[in-house]
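Understanding the architecture of this molecule
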Amino acid sequence: MNSSQNQTTTTARTGATAAAVATGTAGADPDLLLDVRGLRTQFRTHEGVVRAVNDVSFSVRPGQILGIVGESGSGKSVTARSILRMVRPPGEIAAGEVRYRGTDLLTLGEKEMRDLRGREIAMVFQDPQSALNPVMTVGDQIAEALVVHGTDKKAARERARELLGQVGIPDVERRLDDYPHQFSGGMRQRVVIAVALASKPSLLLADEPTTALDVTIQAQILRLLGQLRDELGIAVVMITHDMGVVAEMCDEVVVMYGGRVMERGPVDVIFNSPQLPYTADLLAAMPRLDDIAEGRSLPAIPGSPPDPANLPPGCPFQPRCRMAVDICAQQVPDLLPRAEPGHSAACHVTQHGERIPPLVTEAASARVRSGEARPLLQITDLRVDVNNDSGGLFRRPDPVYAVDGVSLTVSSGETLGLVGESGCGKSTLARTIVGINQPASGTIQVGDQVVGGKSGGDAVRRTVQYVFQDPYASLNPRRTIRQSLDEALAVRGVPTRERDAEARALLARVGLADRHLDRYPQAFSGGQRQRVGIARALAADPKLLVLDEPVSALDVSIQAQIINLLESLRDELDLGYLFIAHDLSVVRHLSDRVVVMYLGAFVEMGDAEAVYNSPQHPYTAALLASSPIPDTAERNRERIVLGGDLPSPKNPPSGCRFRTRCPIGPLVHADRTICIEQPPPLVPTGTGQLAACHFAGELSRAGAPA
Amino acid sequence: MTKALPVPGSPSDGAPVPAVEDTAQQVPPAGRSRRPRGGGAWSRYASALRTPKGMAAAVLLVLLVAVAVLAPVIFPGGYDQQARGALQGPSGGHWLGTDEFGRDILVRTVYGLRTDLSLILTAVPVSLVIGTLLGLSGYLSKPLGAVTQRILDIILGFPGLILGIMIVLVIGTGWLALFMAIVIAGLPGFGRMARGGLLSEQQREYVLAARVLGVKRSTIMVRHILPNVVDPLLVQASVFMVVAIFIEAGLSIVGLGINPPNPSLGAMLNVGARYVQSLPSYVIGPGAVLLLLALAFTLLSDALNQAATRR
């Protein structure tokens, strides 16, 4: 691998000029599978030409996994589409060359190109739901990919069977004639990969292949992609925003920012000695399972990723860079080779040997704890039926308990982290607390008032507020920020003439400025909108905030900012938080206690320290092991990859709900019939937390750092 | 974690990077053309009229309405004045000729347009309002909404002509019967569309956010739901104007429209069809006006639709 890395760097410096095209063939490296040079893709819009991909060069060797990592607007997806020439107007490839086995794809005719797509280079899309045709069986869809390239139908079907087995779909014979909706999300992504593999391509372009999936399913798919590389020698270009996925999977990394390649090199070099302040800060700012910022705020990158239509002059990262000097704002830095073989970076500052100092973190603001913590929210044996209004006039639907008998307490100044995969009922629980859903049984007590039916609603609203996951959907696009805040202030009973001052104070509190007041939500970035959402919740002067995945729709570099904001608000205002996430690493920094939810019930609950360091329930252990860790030293750790998918809450398994996927349950130990017969109670374990498992503590977090 | 929307405007995230923050303020002139600012519903509808289609529709409509309104001024003699010869061909005195009673066809066409416009411009808005209210009734209570929808389904089950005949049987022929027929025929369309909007808006996170804050239900309806439901309804109203014209024409053609001697475009087509070989201008005149009217509203609905969905 090392011998050819040097060759990579020599081709790296070729620019997007006519000269490069002329000399390109001479300098081509026969070992390279894909060699992209000086690629520039632009979009002609009303506001002028937007350069989404600007002078991008990289190469892939056979059997290699290359990660292209970047935030929204960095141009990573457009790069992938440009390789296959699938950029739709008004987008166009303006310059550069894409050499596949020495042939420049940009000069091929449309027919040759069509022949090449799928046969030589295949693509896997982010959303398996929309990538499959809902009215064709999966067998036919895989066969179609083959028939298009000239296989006869019978052989195609045979190969479809073989492929589904290869991507790990159980019971292939029967499932071949199933339709996509009969598969779960993870299984669908496997089918999409099977379609891509149909004609034995040499290169797979995977555009965020696991972003729409849960962590345990993500681990399955990543493992599958790794196996395909090992067994079939397929090269993979993996496009992702997740540094953790890159650290686990990739051999080489390309870091994109503002449409440019900013850093490129072998994965361990990028992770251990990045030469770009952006890469270094991004790695430092990622929420981690082994949170190192005890008692301090998270290291955060200020600002947000640039709009490709409005790039800053010079280095695109310069406005957010803590090391920026004068030249950074004037001149775009060149991608130059660095000391390590195969490593190059585009930075004016570090190219002269300057070292990147570690990101300074501020000491977290002192926590105001008003005397002893009062319990703000107490939930006892709550069940929520989510199917009660789906019936018609004459039909009473069967109940579906998305939340099935859970109890919890949140006190003032405390954060309870609630973690679970999609469909486990965490959002339903949150929405029931604030009165959007109605409980079927059990009690919700806020302060010392029991909320029941419609009467107690106001008491809840005064003390409990909700922050939504999607900052794009939770603000009315027709109303200015001032109007949205005024509405909340009016409900609280603030007189009209005091609302202006009050709204300004709220914006200042969440780190926005007065001039933002009269703008519409469209004028804000995702992180700013989430700040507005938090300000609106604070306007009601709550004691408790229910945070429903408040950072999971945001770019990685923004997440730390919002988590820090939430932390300082909690400490200054003595708020209680119920912080919901699908990923254990996100809640790690803020949480005092953690609850893990599976299929409507709690499986583990306890102090954050205890749960993270010695998980007692096998599901918690698997979640911890499945979270990708942005550290290459961790890539060979022992992982627990759960098989199967979340069962439907319509028809939960008898006994222990987790038994159908449990690595220590009756699937493995046939004698453990107790798991099938008796639901385990949530009881204290030896390590201080509660766990609902008959064999608690048997499977702890394997191979994890202490 | 990826975001579907490109984010125009401020590139910074509120944290202390003042240098970039203000670049946002230089963007708006360009930004505005691509994405109309949220609040200005009126300005968005106005922008629909500034497109070529919208402009053509507006000019055509203003022209037709002006002619209809000014009919008594242009033709002070009224639509009943009889000339000497019946069924005369076009001439200098009678540009479209005369009908079976020797009345000027052009004059009657203009007065007929007046009748039609007075019908659809009152009946369609009434239908829009009632239909929308019926559609939104599910906001008050779920069963009420379900029952209303079933009633609208029943109306939808009757073809327009049968519906018109039933109304005529009850209240007799005339302007009022046509008015009622158009109002009732429009209810299912408006009602279902409003209900669809209601159901999707109720699940919007900003509506849920207002509920969690404790905003009054009526305020949520007026402030958050209604403005977002109105867009498609206005387009539908414009489309239904064309349908209404043909309901009038259809009922008149079978003789259930406006009572003679009052002219309407449909009634004239009905009678004129008998003389189509000897006097083609009898149908060409009202037919052409009918088509112009339909064209105007079709263009208008197209323009409104584009303006409403361009967000």
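Structure: above.
Reference entry: report on the structure contained in this document. Predicted, not measured: the structure shown is a model, and the values here were computed from it.

Moving on to the overall build of chain B. Helix and strand counts for chain B stand at 14 helices and 0 strands. Put simply, chain B has 311 residues, and 49% of those count as buried. Contacts in chain B between residues at least 24 apart in sequence constitute 68% of all its contacts with a sequence separation of at least 6. Entry remark: accessible area of chain B is about 14,500 Å², with carbon and sulfur atoms responsible for 69%.

Moving on: the pattern of salt bridges. Counted according to the given criterion, the structure contains 41 salt bridges over all chains. A salt bridge links Arg37 of chain A to Asp35 of chain A; its shortest N-O distance comes to 2.9 Å. Neither residue differs from the other here; Arg37 of chain A and Asp35 of chain A are each classed as buried. For Asp153 of chain B, the salt bridge identified is with Arg192 of chain B, shortest N-O distance 2.6 Å. A residue pair is termed long-range when its members are at least 10 positions apart, and Asp153 of chain B in helix α8 (residues 142-157) and Arg192 of chain B in helix α10 (residues 175-202) qualify at 39 residues.

Okay, the sheet that holds strand β7 (residues 203-207) of chain A next. Residue and element names in this part refer to chain A. Strands sit in the order β6-β7-β8-β3-β9-β10-β12-β11 across an open sheet of 8 strands; the sheet is mixed. Across the chains shown, the open sheet's two edge strands, defined by having one partner strand only, are β6 (121-124) and β11 (336-337). In the sheet, strand β10 (residues 260-266) pairs with strand β12 (residues 344-345) via 2 bridges, with the strands oriented antiparallel. The residue bridging Arg264 from the neighbouring strand is Ser344, located in β12. Strands in contact with helix α9 (residues 185-197) are β6 and β7; relative to β6, the strand with the most contacts, it is inclined by about 170 degrees.

One turn of the α-helix equals 3.6 residues, which is why residues spaced by three or four share an orientation. All names here are of chain B. Look at α8: 23 Å from first C-alpha to last across 16 residues, which is about the 22 Å you get at 1.5 Å a residue. Among all positions of α8, only Gly145, Ala146, Thr148, Gln149, Leu152 and Ile155 are buried. The inward-facing, buried residues of α8 abut α7 (105-136), α9 (160-171) and α10. For α8, the capping residue at the N-terminal end is Ser141, with a side-chain oxygen 3.2 Å from the backbone nitrogen of Leu144.

This part covers the pairing of strand β3 (residues 65-69) of chain A. With 5 of its 5 residues buried, β3 of chain A lies for the most part within the structure. Burial along β3 of chain A is two-sided: the residues Ile65, Gly67 and Val69 of chain A and Leu66 and Ile68 of chain A are all buried.

On to the nonpolar core. Ranked by size, the top nonpolar core spans 129 residues in total, and within it Ile534 of chain A together with Ile120, Val124, Ile182 and Phe297 of chain B carry the most contacts. Of the residues forming this core, the biggest block, 15 residues, is contributed by helix α12 (residues 217-253) of chain B. Apart from residues no more than four positions distant in its own chain, Ile120 of chain B is found in contact with Pro125, Ile182, Met241, Ala244, Ile245 and Phe297 of chain B.

Residues and elements named next belong to chain B. At a minimum axis separation of 7 Å, α12 and helix α13 (residues 265-272) run at an interaxial angle of 40 degrees. Taken together, α12 and α13 sit at an angle that is classed as oblique. Two packed elements cross with a definite hand, and for α12 against α13 that hand is right-handed. Between α12, through Glu248, Ala249, Ser252 and Ile253, and α13, the contact on the second element is made entirely by Leu265, Gly266, Ala267 and Asn270.

Residue and element names in this part refer to chain A. Read from one edge to the other, the open sheet built from 8 strands follows the order β18-β19-β20-β15-β21-β22-β24-β23, with strand pairing classed as mixed. Every other strand in the sheet has two partners, leaving β18 (464-467) and β23 (683-684) as the edge strands with one partner each. Pairing analysis gives 4 bridges linking β18 to strand β19 (residues 544-548), with the strands arranged parallel. Note on β19: the bridge partner recorded for Gln465 is Leu545. The sheet contacts of helix α18 (residues 526-539) involve β18 and β19, and relative to β18 the element is tilted by about 170 degrees.

On to unusual backbone geometry. Residue and element names in this part refer to chain A. Following Pro89, the chain continues to Pro90 via a peptide bond in cis, the omega torsion being 5 degrees. As for its placement among the helices and strands, Pro90 is situated in the loop between α3 (76-83) and β4 (91-100). Positive phi values are uncommon outside glycine, yet Arg85 reaches one of about 55 degrees. Along the chain, the position of Arg85 falls in the loop between α3 and β4. One non-glycine residue, Arg101, lies in positive phi territory at about 50 degrees. Residue placement: Arg101 occurs in the loop between β4 and β5 (103-104). The partly exposed category is assigned to Arg101, whose relative accessible area is 48%.

All right, on to the packing of aromatic side chains then. Residue and element names in this part refer to chain A. As enumerated under the stated definition, the model contains 10 aromatic pairs over all chains in all. With 4.5 Å between their ring centres and 55 degrees between their planes, Tyr257 and Tyr278 make a pair best called tilted. Here the residue Tyr257 occupies a position in strand β9 (residues 252-257), and Tyr278 occupies one in helix α13 (residues 277-285), the gap between them amounting to 21 residues. Overall, Tyr257 belongs to the buried group, its relative accessible area being 2%. One aromatic cluster is present, built from ring pairs that chain together Tyr257, Tyr278 and Phe317.

We now examine a nonpolar patch on the surface. Residues and elements named next belong to chain B. A surface patch of nonpolar side chains, about 920 Å² in accessible area, is lined by Leu161, Ile165, Leu169, Val170, Ile171, Trp175, Leu176, Met180, Ile253 and Val254. Within the residue set of the nonpolar patch, elements represented by two or more residues are α9 and α10. At 5 residues, the largest contribution of residues to the nonpolar patch is made by α9. Its place among the elements puts Leu161 in helix α9. You can call Leu161 partly exposed: its relative accessible area is 40%.

Residue and element names in this part refer to chain B. The residue Trp95 is located in the loop between α6 (71-74) and α7 in this model. When the C-alpha atoms of Trp95 and Arg114 are compared, they prove to be 19 Å apart, with 19 residues separating the residues in sequence. Leave out the neighbours within four places in its chain, and Trp95 touches Pro90 and Leu106.

The rules behind these values
- Residues numbered from 1 in each chain as written.
- Chains lettered and ligands numbered in written order.
- Predicted model: local features only at pLDDT ≥ 70, side-chain atom pairs only at ≥ 80, totals over all residues.
- Heavy atoms only, no water.
- Helix = DSSP H or I, 4+ residues; strand = E, 2+ residues; numbered from the N terminus.
- Buried < 20%, exposed > 50% of the residue type's maximum accessible area, 1.4 Å probe, protein only.
- Contact = heavy atoms within 4.5 Å.
- Areas by Shrake-Rupley, 256 points an atom, 1.4 Å probe, with all protein chains shown as cover.
- Salt bridge = Lys/Arg side-chain N within 4 Å of Asp/Glu carboxyl O.
- Pairing = 2+ DSSP bridges.
- Axes fitted to C-alpha atoms, helices over the stretch in contact; angles between N-to-C directions.
- Expected span 1.5 Å × (residues − 1).
- Polar contact = N/O pair within 3.5 Å; in protein donor to acceptor, adjacent residues only side chain to side chain.
- Core = buried A, V, L, I, M, F, W, Y, C linked by side-chain atoms within 4.5 Å.
- Parallel < 35°, antiparallel > 145°, perpendicular 65-115°, else oblique.
- Left-handed = near helix turned anticlockwise from the far one by under 90°.
- Phe/Tyr/Trp six-rings, centres within 6.5 Å; stacked < 30°, edge-to-face > 60°.
- Patch = residues over 30% accessible without salt bridge, like charges linked within 9 Å, V, L, I, M, F, W, Y side chains within 5 Å.

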